[in-house]
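Overview (structure and organization)
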Amino acid sequence: MAEKNNRFNEENEKQKRHSSRGERHAAAKEKNVADRQVVSYEDVPIDKYDEPAPIQPELIKKLLKVLLIIFGCVILLLVILNWEKLSPDNVSRFIQYDLLGISQGDGYPTSINGNEITDGNFALMDEKTPVYVSDTSIVLLNDNAGQRQNLGNAFAKPILRTSRDYSMVFNAGGTGIRIFSHSNEVYNISLKNKIFCADISASGVFAAVTQSGDYLAKLNVYSKDNKEKYAYSFADYYINNISLNSDGTRAIVSGISAQKGSLVSAVYILDFSQEAYIAKYELKDNSIYDVKFFDNGNAVAIGKNESYFFDIENNKKNLISYDSKTITNYDISNEKGIALSLAKYPDGRDCDIVTISTDGKTTATISTDIKVESISNADKTVAVSFGDTIYLYDKESGKLVDQKKCEQTLKKIAMANDNIVYALGATEVIKTEMNTTVK
């Protein structure tokens, strides 16, 4: 009996020890499951295997902060790079026409208003604003042919001048001047005397050279708010061309006179803070077609027999020779410099294209078999037109990279950039995209 009791007690002790080990094993297993960082498939139901882990709100907030910082840096960089262009007018223009899309238009080509437009009365106010003056209308377009402005024109001999943010139309031989921003007409004024020539700067300062009772001509310069700020009278030359620098503080002026039976031209450089001119150049046996102030402070005078580049700060005049060729056309840009078309023959055939930077350096000399009727200059390319065709040349290689045939004869072309060309046809304004890849 005692032996049975001993065996019974031993069995109970074994069961208790086994049970205790099982409880410890179970407790340890639960602890391991709780501490384990990688979930075991044994502990997750099969229908839960593909459920994505929820994104933590803190992570979303951090990501948004990073994106906002990057966006802010990009905006700051754009502001720094374009600080000079961030005028109230430019910001307003961007919001109205680029952001909100006012006057979107139906695309190019678009029919012109009026019956006649001279080639000089078609230009770009900036890279996105073609402007033309016809016998009946003054029209400002956007880059999709929408009409920003369309106003009547009553001038007998309208002449168009454009800058980055303003356009001017004056009545040559009359007294009227009209000035436009991108969105509205700023001034419609009448001067006391007949106008010979006029110009407007990117800052809104404008100038007119008029007939004068006591002198051959008189220059009057007006501030952006139409107040006279400078005047200069010319006693020896009839003034026929004027160009203002971008901030409206200086002018280059050209005039003509006859001395001892010979034609003499003169170029004046005027600073509006000084009473006397800062430079004067007399040029014998050469007619000056046009003058232009560049944005970097230099200037140019385009002549019949030769042209002249002026390094104004160093008081230097450099000759631009035509090498016995005949100038058939030219284009001058405040930012991009000069483009000349020089024909090998008097009838204008086989033109050479010469481009010169605003520093006076020749950037391209290109031989063609084209009779150039219009020319326009960009940074890396230069375009010319003949008849109904536009030809695009790469400045670096001198190669013809593209040509586009239009549906009508072209009177004038104007490049918006290296591959976008606007063109004035007989009845339409045309916009074409050229291929700039050198073949």
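These lines cover the structure that appears in this document, whether it is placed above or below. (Residues numbered from 1 in each chain as written. Predicted model: local features only at pLDDT ≥ 70, side-chain atom pairs only at ≥ 80, totals over all residues. Heavy atoms only, no water.)

Some remarks on the pattern of salt bridges
- A complete count under the given rule lists eight salt bridges for this structure.
- Across the salt bridge formed by Asp 352 and Lys 344, the nearest N and O atoms sit 2.7 Å from each other.
- In this structure, Arg 349 and Asp 347 form a salt bridge, with 2.7 Å as the shortest nitrogen-oxygen distance.
- A residue is classified by how much of its surface remains accessible, and Asp 347, at 39% relative accessible area, is partly exposed.
- In the salt-bridge network here, residues are joined through shared partners; they are Arg 250, Asp 271 and Glu 313. (Salt bridge = Lys/Arg side-chain N within 4 Å of Asp/Glu carboxyl O. Buried < 20%, exposed > 50% of the residue type's maximum accessible area, 1.4 Å probe, protein only.)

A short note on the pairing of strand 27 (residues 381-386)
- In terms of burial, strand 27 is a largely internal element, five of the six residues being buried.
- Taken together, the four bridges between strand 26 (residues 374-377) and strand 27 define a ladder with antiparallel strand orientation. The residue bridging Asn 377 from the neighbouring strand is Val 382, located in strand 27.
- Counting the residues that bridge the hairpin from strand 26 to strand 27 gives three residues.
- The pairing of strand 27 with strand 28 (residues 389-394) spans six bridges and is antiparallel. Within strand 28, the residue paired with Phe 386 across the bridge is Thr 389.
- Between the end of strand 27 and the start of strand 28, which pair antiparallel, lie two residues, with Gly 387 showing a positive phi angle near 65°. (Helix = DSSP H or I, 4+ residues; strand = E, 2+ residues; numbered from the N terminus. Pairing = 2+ DSSP bridges.)

Some words on the sheet that holds strand 11 (residues 206-210)
- With antiparallel pairing, four strands are arranged side by side in an open sheet as 10-11-12-13. At either end of the open sheet lies a strand with only one pairing partner, and these are strand 10 (195-200) and strand 13 (228-234). The sheet shows a mean angle of 15° between the axes of neighbouring strands, taken without regard to direction.
- Note that strand 12 (residues 217-222) and strand 13 share six bridges and pair antiparallel. Bridge pairing in strand 13 links Val 221 to Tyr 230. (Axes fitted to C-alpha atoms, helices over the stretch in contact; angles between N-to-C directions.)

Some remarks on the side chain of Ser 307
- Within the element layout of this structure, Ser 307 appears in strand 20 (residues 306-311).
- Relative accessible area serves as the criterion here: at 0%, Ser 307 is assigned to the buried category.
- Among the polar contacts made by the side chain of Ser 307, one reaches the main-chain amide nitrogen of Gly 303 at a distance of 3.2 Å.
- Contacts of Ser 307, omitting those with residues within four sequence positions, involve Ala 301, Ile 302, Asn 318, Leu 319, Ile 320 and Tyr 322. (Polar contact = N/O pair within 3.5 Å; in protein donor to acceptor, adjacent residues only side chain to side chain. Contact = heavy atoms within 4.5 Å.)

A word on the sheet that holds strand 6 (residues 158-162)
- Read from one edge to the other, the open sheet built from four strands follows the order 6-7-8-9, with strand pairing classed as antiparallel. Edge positions in the sheet fall to strand 6 and strand 9 (185-190), since each of these pairs with one other strand and no more. If you compare each strand with its neighbour and ignore which way they point, the axes differ by 15° on average.
- Inspection of the sheet shows strand 6 paired to strand 7 (residues 167-171) by five bridges, in the antiparallel sense. The partner of Pro 158 across the bridge, within strand 7, is Asn 171.

A few points about the nonpolar core
- Ranked by internal contacts, the top residues of the largest apolar core, which has 21 residues, are Leu 219, Phe 234, Ile 239, Ile 242, Val 253, Tyr 268 and Leu 270.
- Elements represented by at least two residues in this core include exactly strand 11, strand 12, strand 13, strand 14 (238-244), strand 15 (250-259) and strand 16 (262-271).
- The greatest single-element share of this core, amounting to four residues, is contributed by strand 16. (Core = buried A, V, L, I, M, F, W, Y, C linked by side-chain atoms within 4.5 Å.)

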